[in-house]
Amino acid sequence: CALGNLDASIRHLRRCLKHYRPEMPVSLYGDSAGVGAHAFLGWAHSLRGAAAAGLREAQAAVALARGLDHPPAIALALLFAAETHRLRREPAAALA
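Below: a short report on this structure. (Residues numbered from 1 in each chain as written. Predicted model: local features only at pLDDT ≥ 70, side-chain atom pairs only at ≥ 80, totals over all residues. Heavy atoms only, no water.)

**Examining the packing of aromatic side chains**
This structure, assessed with the given rule, holds three aromatic pairs. Measuring from centroid to centroid gives 4.6 Å for Phe40 and Phe80, while their planes differ by 55°, and the two rings are tilted. Of the two residues, Phe40 sits in helix H2 (residues 33-48) while Phe80 sits in helix H4 (residues 71-87), which places them 40 residues apart along the sequence. Residue classification places Phe40 among the partly exposed positions, given a relative accessible area of 32%. What makes Phe80 buried here is its relative accessible area of 10%. Where Trp43 meets Phe80, the ring centres are 5.7 Å apart and the plane angle is 75°; that geometry is what we call edge-to-face. Highlighted residues: Trp43 in helix H2 and Phe80 in helix H4, separated in sequence by 37 residues. (Phe/Tyr/Trp six-rings, centres within 6.5 Å; stacked < 30°, edge-to-face > 60°. Helix = DSSP H or I, 4+ residues; strand = E, 2+ residues; numbered from the N terminus. Buried < 20%, exposed > 50% of the residue type's maximum accessible area, 1.4 Å probe, protein only.)

Right, here's the structure in full:
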């Protein structure tokens, strides 16, 4: 995350989620701000060693993306969820 400063990244991403609203537009080829914030927050937590928090955020990203029914957001969320599982040494879950 942001230049290796995970604590600052986590603070920033939490602020993003605080202001995120589901009715915010989703870009046509990009992702949702909420999906991206959950996904990156999960990654940052995982890199800090907070595996449970990382997994919760990764799952939140996937759930939000699927709820939006937006293929690029779903792809991003699944990518970060797989990475979270890889960092947790859960290869079967990463491949699911």
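Now that the structure has been shown, the text picks up again.
**Description of the pattern of salt bridges**
Applying the stated criterion across every chain yields a total of three salt bridges. In this structure, Arg86 engages Glu83 in a salt bridge whose closest nitrogen and oxygen atoms are separated by 2.7 Å. Remark: Glu83 and Arg86 occur in helix H4; sequence separation between them is three residues, near one turn of the helix. Since its relative accessible area comes to 23%, Glu83 is described here as partly exposed. For Glu90, the salt bridge is made with Arg88, and the minimal N-O distance between the two is 3.0 Å. (Salt bridge = Lys/Arg side-chain N within 4 Å of Asp/Glu carboxyl O.)

**Digging into the environment of Val26**
Here Val26 shows up in the loop between helix H1 (6-19) and H2. Separated by 31 residues in the primary sequence, Val26 and Glu57 have C-alpha atoms spaced 19 Å apart. Not counting the four nearest positions on each side in its chain, Val26 is found in contact with Asp31, Ser32, Leu68 and His70. (Contact = heavy atoms within 4.5 Å.)

**Thoughts on the side chain of Glu57**
Within the fold, Glu57 resides in helix H3 (residues 51-68). The buried charged residue Glu57 lacks any salt bridge, with Arg56 as its nearest oppositely charged partner at 5.9 Å. If sequence neighbours within four positions are ignored, Glu57 has contacts with Leu17, His38, Leu41, Gly42 and His45. (Lys, Arg positive; Asp, Glu negative; His and termini not counted.)

**Here's the deal with H4**
Taking 1.5 Å per residue, 17 residues should reach 24 Å; H4 reaches 24 Å between its end C-alpha atoms and fits that length. Within the sequence span of H4, burial applies to Ala73, Ile74, Leu76, Ala77, Phe80, Ala81, Thr84 and His85. On its buried face, H4 is in contact with H2, H3 and helix H5 (91-95). Just downstream of H4, Arg89 is the residue with a positive phi angle, here 60°. (Expected span 1.5 Å × (residues − 1).)

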